[in-house]
Amino acid sequence: MALLDVSGFSRYSELRGQILPAGRTHPVDRTNHYSFGTKTPELALPLGVDPSAFLKSCNQEAGVSIDLNHGTTTLAFKFQHGVIVAVDSRASAGRYLASNDVNKVIEINPYLLGTMSGSAADCQYWERLLAKECRLYRLRNKNRISVAAASKLLSNMMLGYRGMGLSMGSMICGWDKEGPGLYYVDDNGTRLSASMFSTGCGSMYAYGIIDSGYKEDMTVEEAYELGRRGITHATHRDAYSGGVVNMYHMREDGWIKVCKEDVSELIHRYRKGMF
Amino acid sequence: MKEYHYSGPVEQRFSPYSFNGGTVLAVAGEDFAIVASDTRLSEGYSIHSRDSPKCYKLTDTTVIGCSGFHGDCLTLTKIIDARLKTYKHSNNKTMTSGAIAAMLSTILYGRRFFPYYVYNIIGGLDEHGKGAVYSFDPVGSYQRDTYKAGGSASAMLQPLLDNQIGFKNMEGVEHVPLTQDKAVQLVKDVFISAAERDVYTGDALRICIITKEGITEQTIPLRKD
């Protein structure tokens, strides 16, 4: 375009190569499957097609239905005694329930947790890659990585593949020199820090519960109960969330796993008058 | 009447995928694992072969079941075999089931934007000799299970397994651990039911039983219609 040439403006695709370091990740048209641990992770792209639309178009052919595992509610909030992380455990592939006991919290190290929502494969792969980078940081710098830095690494990975159809909404929770940390990172590259987040298709229901019950100076038991209720009520109303509530508590000396309770039992406990 | 006839270029869509049917099942016991699959290979309304099992032996303690698009199943198993050999040559030991599962996850994710249309289930013994089952989606998300069904009849088989092995949706039953003989009988019954109701499942059933003594195979006939 004439205007483009005159103004000296470069196309986004050219800029992208300059903004994001070339050594990070780059798409190739055929992956090198035969080496263990390439220096830069390589993902194959079908040439000449829009990656996010490609899978959808294949699903219209006779009999072919490539359904990827999806769906969740996760929540996390900071309070005076640390960070509470609570997740559900359902994975759905299209309309079929692939599994009701998926672990959606990845234990990166004893002081860092990552949650997963959206596409299961995207979350598992990128958070496992983040765990590898955190471990390398620890080995190279003799200090644990900060929560801010870990979340930034993840959001930069997402920016490298922006617009290609990844689906990931994750919360990075930890305790570092600055105290308890909670960041929300998603597939657009958004990275936010706040004291309370909920992600996934059931997040709206969970927000209703935790917004109304949250106090900065809660006791530990009250905080556990709030996290449990948030997930339980979200699973009650959202079809794509369910299974069990997995809850973790991030404390100064590391995280502990608090409980793993079935939501059907919990909802009966909370709605005694109803049933 | 004027004839309406378009004579310019027409877009022909080529689909890189096709669905070849088949069902795979894996069950993990205390000290054994079972991987079973039917042997029918179909496409649309035709049957290409009645003797195309979907279980592939990877090591002495691991078997993988792959169903979906047969072309991708073959390529994927070739890649896994090559990687197993590379690992054996570099590290002088065989890959454990858990390691194979983790490796398969990264192989599948390498094709996140043009996936292998394969539903994989790995069955085997872990380093402690206990049965292990790992189930995958087409792009590499995986987890360890006690039992899993995949493929065309998976939605019919999984609820039955949930009830019989997981004791779900039953009250007041004793949770008896699964013995090897009961598990094999259950797998046979479950596939017979699948062959009744799913058109892509049938012909024969191949069962691979993995114990610390090794892998034994059985073939049982199923409905051929």
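Residues numbered from 1 in each chain as written. Chains lettered and ligands numbered in written order. Predicted model: local features only at pLDDT ≥ 70, side-chain atom pairs only at ≥ 80, totals over all residues. Heavy atoms only, no water.

- As recorded in an unreviewed UniProt entry, chain B goes by Proteasome subunit beta and comes from Pleuronectes platessa.
- For chain B, the Function (unreviewed entry) comment in UniProt is given as "Component of the proteasome, a multicatalytic proteinase complex which is characterized by its ability to cleave peptides with Arg, Phe, Tyr, Leu, and Glu adjacent to the leaving group at neutral or slightly basic pH. The proteasome has an ATP-dependent proteolytic activity." (UniProt positions renumbered as here; feature names shortened; annotations may be inferred.)

Comments concerning the overall build of chain B
Consideration 1: Helices and strands together make up the secondary structure of chain B, namely 4 helices and 12 strands.
Consideration 2: Counting only C-alpha atoms, chain B reaches 80 × 45 × 30 Å along its principal axes.
Consideration 3: Taking all 225 residues of chain B together, 55% fall into the buried category.
Consideration 4: Across chain B, the fraction of contacts at a sequence separation of at least 24, relative to all contacts at a separation of at least 6, is 59%.
Consideration 5: When the accessible surface of chain B is totalled, it reaches about 10,900 Å², and 52% of it is carbon and sulfur.
Consideration 6: Between the averaged position of the 24 positive side-chain charges in chain B and that of its 25 negative side-chain charges there is a distance of 5 Å. (Helix = DSSP H or I, 4+ residues; strand = E, 2+ residues; numbered from the N terminus. Buried < 20%, exposed > 50% of the residue type's maximum accessible area, 1.4 Å probe, protein only. Contact = heavy atoms within 4.5 Å. Areas by Shrake-Rupley, 256 points an atom, 1.4 Å probe, with all protein chains shown as cover. Lys, Arg positive; Asp, Glu negative; His and termini not counted. Charge placed at Lys NZ, Arg CZ, Asp CG, Glu CD.)

Here we look at the overall build of chain A
Consideration 1: Of regular secondary structure, chain A possesses 8 helices and 15 strands.
Consideration 2: Residue burial in chain A is summarised as follows: out of 275 residues, 49% are buried.

Remarks on the interface of chain B and chain A
Consideration 1: Chain B puts 38 residues into the contact, and the matching count from chain A is 40 residues.
Consideration 2: Across the chain B/chain A interface, buried area totals approximately 3,300 Å², and carbon plus sulfur atoms make up 61% of it.
Consideration 3: The largest contributions to the chain B side of the interface with chain A come from B:Arg83, B:Tyr109 and B:Phe113, which together make up 25% of the buried area.
Consideration 4: For the pair chain B and chain A, the interface holds 1 salt bridge.
Consideration 5: Put simply, A:Asp122 and B:Arg112 hold a salt bridge, and the shortest N to O gap is 2.6 Å.
Consideration 6: The interface formed by chain B and chain A contains 8 residue pairs in polar contact (both at pLDDT 80 or more).
Consideration 7: At the level of elements, helix H1 (70-91), helix H2 (97-109), strand E9 (142-145) and helix H3 (154-164) of chain B are the ones that each hand at least two residues to the side of chain B that touches chain A.
Consideration 8: Of the residues contributing to the side of chain B that touches chain A, the split by class is 21 nonpolar, 10 polar and 7 charged. (Buried area = accessible area lost by both parts, 1.4 Å probe. Salt bridge = Lys/Arg side-chain N within 4 Å of Asp/Glu carboxyl O. Polar contact = N/O pair within 3.5 Å; in protein donor to acceptor, adjacent residues only side chain to side chain. Nonpolar A, V, L, I, M, F, W, Y, C, P; charged D, E, K, R; others polar.)

A look at the packing of helix H4 (residues 120-141) of chain A against helix H5 (residues 147-160) of chain A
Residue and element names in this part refer to chain A.
Consideration 1: Contact pair H4 / H5: the axes reach a minimum separation of 10 Å and the direction vectors enclose 135 degrees. Taken together, the axes of H4 and H5 lie oblique to each other. In this structure, H4 crosses over H5, and the sense of that crossing is right-handed. In this structure, H4 contributes Trp126, Leu129, Leu130, Glu133 and Cys134 to the contact, and H5 contributes Ala150, Leu153, Leu154, Met157 and Met158.
Consideration 2: Partitioning the contact of H4 with H5 into residue classes produces 9 nonpolar, no polar and 1 charged. (Axes fitted to C-alpha atoms, helices over the stretch in contact; angles between N-to-C directions. Parallel < 35°, antiparallel > 145°, perpendicular 65-115°, else oblique. Left-handed = near helix turned anticlockwise from the far one by under 90°.)

A look at the pattern of salt bridges
Residue and element names in this part refer to chain A.
Consideration 1: With the rule as written, the count across this model stands at 17 salt bridges over all chains.
Consideration 2: Lysine 104 serves as the salt-bridge partner of aspartate 88, at 3.0 Å between the closest nitrogen and oxygen. One end of the pair, aspartate 88, is in the loop between strand E5 (82-87) and strand E6 (91-93); the other, lysine 104, is in the loop between strand E7 (96-99) and strand E8 (105-109), and 16 residues separate them in sequence. Exposure class is identical for aspartate 88 and lysine 104. Each is buried.
Consideration 3: The salt bridge involving arginine 251 is made with aspartate 253; its shortest N-O contact spans 3.6 Å.
Consideration 4: Overall, arginine 251 belongs to the partly exposed group, its relative accessible area being 31%.
Consideration 5: Residue aspartate 253 is classed as exposed on the basis of its relative accessible area of 55%.

A look at the pairing of strand E13 (residues 196-200) of chain A
Residues and elements named next belong to chain A.
Consideration 1: For E13, the tally of buried residues reaches 4 of 5 residues, placing the bulk of the element in the interior.
Consideration 2: Judged from the 5 bridges that link them, strand E4 (residues 73-79) and E13 form a sheet pairing that is antiparallel. Across the sheet, threonine 73 pairs through a bridge with glycine 200, a residue of E13. (Pairing = 2+ DSSP bridges.)

Looking at the pairing of strand E12 (residues 214-221) of chain B
Consideration 1: Here strand E11 (residues 204-211) of chain B runs beside E12(B); their pairing, made up of 8 bridges, is antiparallel. In the strand pairing of E12(B), B:Ile210 is matched with B:Ile215.

Quick word on H5(A)
Consideration 1: Here H5(A) is 14 residues long and its end C-alpha atoms lie 20 Å apart, about the 20 Å a rise of 1.5 Å per residue gives.
Consideration 2: The complete set of buried residues in H5(A) reads A:Val147, A:Ala150, A:Ser151, A:Leu154, A:Ser155, A:Met157, A:Met158 and A:Gly160. (Expected span 1.5 Å × (residues − 1).)

Some remarks on the nonpolar core
Consideration 1: Counting residues in each nonpolar core, the largest one holds 29 residues, and the members touching the most others are A:Leu112, A:Trp126, A:Leu130, A:Leu154 and A:Ile172.
Consideration 2: Elements with a minimum of two residues in this core: E8, H4, H5 and strand E11 (179-186) of chain A. (Core = buried A, V, L, I, M, F, W, Y, C linked by side-chain atoms within 4.5 Å.)

A short note on H3(B)
Consideration 1: Those residues of H3(B) that sit buried are B:Ser154, B:Leu157, B:Gln158 and B:Leu161. An end-on view of H3(B) places all buried positions within 105 degrees of arc, on one side of the element.
Consideration 2: Looking at the buried positions of H3(B), the neighbouring elements they touch are E7 of chain A together with strand E1 (23-28), strand E10 (147-151) and helix H4 (180-197) of chain B. (Arc of directions from axis to C-beta.)

Structural notes on the sheet that holds E1(B)
All names here are of chain B.
Consideration 1: In space, the 5 strands of this open sheet follow the order E10-E1-E2-E11-E12, with antiparallel pairing throughout. The sheet is open, and its two borders are formed by E10 and E12, each paired with just one other strand. Each neighbouring strand pair of the sheet contributes to a mean axis angle of 15 degrees, computed without reference to strand direction.
Consideration 2: Sheet topology places strand E2 (residues 33-38) next to E11; 6 bridges connect them, and they run antiparallel. Among the inter-strand pairings, aspartate 38 is bridged to a residue of E11, identified as leucine 205.
Consideration 3: Its contacts with the sheet place H3 against E1 and E10, and it is angled at close to 170 degrees to E10.

A word on the packing of aromatic side chains
Consideration 1: Considering all chains together, one arrives at 16 aromatic pairs over all chains under this definition.
Consideration 2: Relative to B:Tyr119, the ring of B:Tyr117 has its centre 6.2 Å away and its plane inclined at 70 degrees; by these criteria the two rings are edge-to-face.
Consideration 3: Consider the rings of B:Tyr134 and B:Tyr142, whose centres lie 6.2 Å apart with planes at 50 degrees: the pair is tilted.
Consideration 4: Over the face of the ring belonging to A:Tyr270 we find A:Arg229, whose NZ or CZ atom lies 4.0 Å from the ring centre.
Consideration 5: Directly above the ring of B:Phe114 sits B:Arg111, whose terminal nitrogen or CZ lies 4.9 Å from the centroid. (Phe/Tyr/Trp six-rings, centres within 6.5 Å; stacked < 30°, edge-to-face > 60°. Lys NZ or Arg CZ within 6 Å of the ring centre and 35° of its normal.)

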